[in-house]
Amino acid sequence: EKVARVTREVLDAAAEHSDGDFVRDVSAKITIAVIAEMLGVPRPDWEKLFRWTNEIIAPQDPEFQHAATPKETSDQARDDLFLYFNDLATQRRAAPADDIVSIVANGQVNRAPLQPVELLSYFLLLVVAGNETTRNAMTGGMLALLENPAEWDKLRWDGGLVEGAVEEIVRWTTPVIQFARTATADYELRGKTIRKGESVCLFYASGNRDEEVFADPFAFRVDRDPNPHIGFGMGEHVCLGAHLARLELRHAFAQLRKRLVRCELTGAVERVRSSFVGGIKRAPMRWEIRPADCA
């Protein structure tokens, strides 16, 4: 399976060193490789995807802002990504391959091809959601396990906890901080009236720590059950990439629990300056990773 293979190869490379950056050397490599291979993006262009998604998701971060304003940075990155996938889609129409770009570029709705804006917006969604948020959940999950060694021990000794641990990692990290929605009708909430047409900001990290829903919500528990978190949204707005994100996280922590002998932070964690995503730019660590055939 592609995700298992990519994860194994990334951990093999990380195992050659005793220290590194978990974002650069593990989580970013896994998530970029998986989505890029699925889309059919050539390996030399993977770094472009990484840069564009950073600039689109967190253009206000000084490290990512390259234009005069955050908006100009985000707009330019989006336009560059659109131009890239427009060219790639054109190539795949002429010579289809076994990848998602070929499927979408040659797909039809009501016997007509997708309009350019729809087509390119779909690629934008896949690249950003299939990379940025999963990368941050994976890194945040590793940090949570380091900060809660008893939970790490539980996971190491019981592989049956991996699926539940992934759900707790998504709840705990809540990679998307907030989205705004527009009220379609007047609504009473805790003595306050939300009027039709008003914008409402939904803070998912707050919802994922609702003491009326979760027992001991500020504790990280890999065996939490039930765990009705809203890290992937809900209803008609549920994340289209939730299944892929869960798959990548399951493979990552299933392999880490068997291969990671020891791990510790060696410096300060650097977070992305963003009100939209709970991003992590760097997480310097020292580790010992055993070979895959010894796991």
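Everything below is about the structure printed above this text.
Asks: When you look at the packing of helix 2 (residues 22-39) against helix 7 (residues 132-147) in this model, what are you seeing that I'm missing?
Replies: To characterise two packed helices, one gives the angle between the axes of the helices and the distance between these axes. With their axes 9 Å apart at the nearest point, helix 2 and helix 7 run at an angle of 135 degrees to one another. Taken as axis vectors, helix 2 and helix 7 run oblique relative to one another. Considering only the axes of helix 2 and helix 7, their crossing is right-handed. Where helix 2 approaches helix 7, its residues F22, V23, S27, A28, I30 and T31 are matched on the opposing element by T134, R135, M138, T139 and M142. Of the residues assigned to the contact of helix 2 with helix 7, the class counts are six nonpolar, four polar and one charged.

Asks: It is not clear to me how unusual backbone geometry should be interpreted in this structure. Could you clarify?
Replies: For residues other than glycine, phi is negative in most cases, and the peptide bonds are mostly trans. Here D225 and P226 are connected by a cis peptide whose omega angle stands at 5 degrees. Within the fold, P226 resides in the loop between helix 10 (204-207) and helix 11 (242-259). In the Ramachandran plot, N110 falls in the positive-phi region, its phi being about 55 degrees despite a non-glycine side chain. The phi dihedral of R111 falls on the positive side, at around 65 degrees, and the residue is not glycine. By the element assignment, R111 lies in the loop between strand 2 (108-109) and strand 3 (112-113). With a relative accessible area of 80%, R111 lands in the exposed category.

Cut-off values and rules
- Residues numbered from 1 in each chain as written.
- Predicted model: local features only at pLDDT ≥ 70, side-chain atom pairs only at ≥ 80, totals over all residues.
- Heavy atoms only, no water.
- Axes fitted to C-alpha atoms, helices over the stretch in contact; angles between N-to-C directions.
- Helix = DSSP H or I, 4+ residues; strand = E, 2+ residues; numbered from the N terminus.
- Parallel < 35°, antiparallel > 145°, perpendicular 65-115°, else oblique.
- Left-handed = near helix turned anticlockwise from the far one by under 90°.
- Contact = heavy atoms within 4.5 Å.
- Nonpolar A, V, L, I, M, F, W, Y, C, P; charged D, E, K, R; others polar.
- Buried < 20%, exposed > 50% of the residue type's maximum accessible area, 1.4 Å probe, protein only.

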